[in-house]
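# Chain and residue survey
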Amino acid sequence: MIKIRLAAPPDIKNLVEFGIKEKQEKEILPEIPANKEEISYWFAECIISSGNYVFLAEENGEICGFLVLSEMQCPWNSNYRYLTDLMFLARKGGVKLIRTAKKFAERKNLNSIVLSVSTKKDRSDKFLNHIGQYIGGAYEIKV
C-alpha cells in the first residue's frame, strides 16, 4: 500500500538517491549532470522554507515518488493563488500524490495546481492531459 506524507530533513538522503536513479532511468534532461550535494541542499531548502511542500510516496518504507510544490500568487491578482511543481517524479503513487496535493490545495483555499513535463515522453503528457488542462506549456488542475 502506498502512503503519502510530507517530507522531513531526515528524508533528504533517500530523496536524492531516488531522484538521481529516476533521472538516469527515465533519461530526464540527460545533458544536465546530477550533483548530489546541490540537490541535497535544494531539497533541504524546499523542506524547511515556507511556501514549499515536498510530498513523498512510500511503499514498504521505500520512496517510490515525490512531488515538490511551491505556493505562488498570480501577478494579475494576488487573490488568485496556486501551487506549481518544482519537481515531480514517481515510479508508483503519482496519482495518489496529485490527489493529496489537490486536497492540500483545497484546505489552503488555493485555486489550482500547475504541473509541467520535462521528460519529452508521450506517457507523461497523456497522463497530465487526462487529469488537467494544457495551457501555456503546462497543465493546470483545477481545485
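For the structure itself, look to the data block above.
Note that the structure is a prediction, hence the values are computed from the model and not measured.

When helices and strands are tallied, the protein chain shows 4 helices and 7 strands. Reading the protein chain from its N terminus to its C terminus gives the helix and strand order β-α-α-β-β-β-α-β-α-β-β. Classification of the 143 residues of the protein chain by burial places 40% in the buried group. Put simply, 61% of the contacts in the protein chain that link residues at least 6 apart link residues at least 24 apart. Approximately 8900 Å² of the protein chain is accessible, and the part contributed by carbon and sulfur atoms is 51%.

Of all hydrophobic cores here, the largest spans 17 residues; its most connected members are Leu15, Phe43, Val54 and Phe66. Those elements that place two or more of their residues in this core are helix H1 (12-25), helix H2 (36-48), strand E2 (52-59) and strand E3 (62-73). In terms of residue count, the dominant contributor to this core is H1 (5 residues). Beyond its immediate chain neighbours, meaning those up to four positions away, phenylalanine 66 contacts Leu15, Phe18, Gly19, Phe43, Phe55, Leu56, Met87, Phe88, Leu89 and Leu97.

This part is about a positive patch on the surface. A cluster of basic residues, Lys3, Lys96, Arg99, Lys103 and Arg107, forms a positive patch on the protein surface. Considering each element in turn, the positive patch owes the most residues, 4 residues, to helix H3 (residues 94-107). Accessibility expressed as a relative area gives 64% for arginine 107, which makes it exposed.

With that out of the way, let us pick up the pattern of salt bridges. According to the stated counting rule, one finds 8 salt bridges in the structure shown. Glutamate 17 is paired through a salt bridge with lysine 13; the nearest N and O atoms lie 3.1 Å apart. Taken as a pair, glutamate 17 and lysine 13 lie in helix H1 at a separation of 4 residues, close to a single helical turn. For glutamate 59, the salt bridge identified is with lysine 92, shortest N-O distance 2.8 Å.

Among the secondary structure elements, lysine 23 is positioned in helix H1. Once residues within four sequence positions are removed from consideration, lysine 23 is found in contact with Ile28, Leu29, Pro30, Ile32 and Ala34.

Thresholds, definitions, all that
- Residues numbered from 1 in each chain as written.
- Predicted model: local features only at pLDDT ≥ 70, side-chain atom pairs only at ≥ 80, totals over all residues.
- Heavy atoms only, no water.
- Helix = DSSP H or I, 4+ residues; strand = E, 2+ residues; numbered from the N terminus.
- Buried < 20%, exposed > 50% of the residue type's maximum accessible area, 1.4 Å probe, protein only.
- Contact = heavy atoms within 4.5 Å.
- Areas by Shrake-Rupley, 256 points an atom, 1.4 Å probe, with all protein chains shown as cover.
- Core = buried A, V, L, I, M, F, W, Y, C linked by side-chain atoms within 4.5 Å.
- Patch = residues over 30% accessible without salt bridge, like charges linked within 9 Å, V, L, I, M, F, W, Y side chains within 5 Å.
- Salt bridge = Lys/Arg side-chain N within 4 Å of Asp/Glu carboxyl O.
- Lys, Arg positive; Asp, Glu negative; His and termini not counted.
- Charge placed at Lys NZ, Arg CZ, Asp CG, Glu CD.

Shape descriptors only; they carry no functional weight alone.
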